[in-house]
Amino acid sequence: MKRKGIIIILPAYNEAVYINKVLEDLHDFETIVVDDGSQDGTAEIASHIGANLVRLSRRAGKGGALASGIAYAFAKFDFEAVIFLDADGQHNPKDVYKFLKVWEEKRPDIILGIRDLHSRSVPISRRFWNRFINFLIFIFSGKRFSDSQCGFRLLSKRALEKIKLAQSGYTTETEMIFSAIRNDLSIAEVPIETIYHQKNFTITADIKRAAVIFIYTLTRGISYAIRSKWHQVAIIIFLSLLTAAFYQSIGAINIGSIQKQQFFSQELQATFQWLKEN
């Protein structure tokens with residue numbers, strides 16, 4: 001018998017190496033695997049194990065995959081909460097029970113997983129940027145989070161009804177947090193196992209990821225601060241100057257054959273479009 005009320009959603013892109021073990025550890029739960037255009041047999045493995053499969057014809061990014069999984073959950077199941085879990089083996093599926101313990105005791109709208117960012121298994125660049133984004137979110141909202149960028153998280157049905165995902169990739173976690181704050185949702189945290197492997201890790205890709213998240217957090221944070229009148233304009237001016245300095249530093253980075261217009265990807269352009277509209 002599957003556990004009632006809790007749905008696990010796993011966005012997956014070319015995770016054939018890992019997804020079998022991840023799903024085996026989640027056999028007690030109803031799982032939804034959103035295959036984000038994989039070409040390595042990820043979908044076939046997930047279907048064979050018995051997961052509910054949502055197959056996207058082309059890549060939608062993590063945010064798009066999660067949105068598709070959420071829509072499927074609402075259409076097919078009666079549930080109380082969903083848990084988002086990466087399919088690449090960097091989250092321990094057994095930590096789901098830690099989320100459930102907090103959920104059963106406190107019933108918060110959202111529960112965020114907290115990794116040990118001091119662990120030597122975490123790349124130095126990730127340690128710095130995760131803490132810096134945590135700091136930015138605090139500056140703009142007054143809310144402290146230990147690990148705002150962890151994708152392992154539980155959202156109640158109520159939270160899902162209020163949070164509408166518009167971002168497609170790296171900024172999804174930050175988008176959820178600002179939306180939760182704006183909607184006055186309760187947020188709890190729970191420590192989880194820290195797992196990092198170096199699959200597809202490059203310093204160039206990490207710089208790009210950090211740039212996208214930084215710009216989105218800054219623009220979304222400024223918008224929130226202005227609307228909520230949380231902080232003085234001086235802080236916004238200071239951080240705007242910091243953004244200008246960040247742009248200059250990016251221009252000085254030697255990123256080899258990657259052109260700057262590729263560096264500032266569609267996700268970054270989407271962030272500026274969001275700022276223009278909001």
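Residues numbered from 1 in each chain as written. Predicted model: local features only at pLDDT ≥ 70, side-chain atom pairs only at ≥ 80, totals over all residues. Heavy atoms only, no water.

Colleague: Looking at this structure, how should I read the pairing of strand β3 (residues 52-56)?
Modeller: Side chains on a regular strand alternate between the two faces of the sheet. Where burial is concerned, the two faces of β3 differ: the one with Asn52, Val54 and Leu56 is buried and the one with Leu53 and Arg55 is not. Pairing geometry for strand β2 (residues 30-36) and β3, over five bridges, is parallel. Bridge pairing in β3 places valine 33 opposite leucine 53. As a crossover connection, the stretch from β2 through helix α2 (residues 42-49) into β3 is right-handed. (Buried < 20%, exposed > 50% of the residue type's maximum accessible area, 1.4 Å probe, protein only. Helix = DSSP H or I, 4+ residues; strand = E, 2+ residues; numbered from the N terminus. Pairing = 2+ DSSP bridges. Right-handed = clockwise from strand over helix to strand, strands pointing away.)

Colleague: Before we go on, may I ask you to explain the side chain of serine 38 in this structure?
Modeller: Within the fold, serine 38 resides in the loop between β2 and α2. For serine 38, a relative accessible area of 12% puts it in the buried group. In this structure the side chain of serine 38 is engaged in a polar contact, spanning 2.7 Å, whose partner is the backbone nitrogen of asparagine 14. Contact partners of serine 38, with chain neighbours within four places excluded, come to Ala12, Tyr13 and Asn14. (Polar contact = N/O pair within 3.5 Å; in protein donor to acceptor, adjacent residues only side chain to side chain. Contact = heavy atoms within 4.5 Å.)

Colleague: Honestly, the pattern of salt bridges in this entry has me stumped. Any pointers?
Modeller: When the charged atoms of two side chains with opposite charge come close together, those side chains can pair. Applying the stated criterion across every chain yields a total of twelve salt bridges. One salt bridge in this structure joins glutamate 105 and lysine 101, with 2.8 Å as the shortest N-O distance. Within this pair, glutamate 105 and its partner lysine 101 are both found in helix α4 (residues 96-106), separated by four residues, close to a single helical turn. With respect to burial, glutamate 105 and lysine 101 carry one shared label: exposed. (Salt bridge = Lys/Arg side-chain N within 4 Å of Asp/Glu carboxyl O.)

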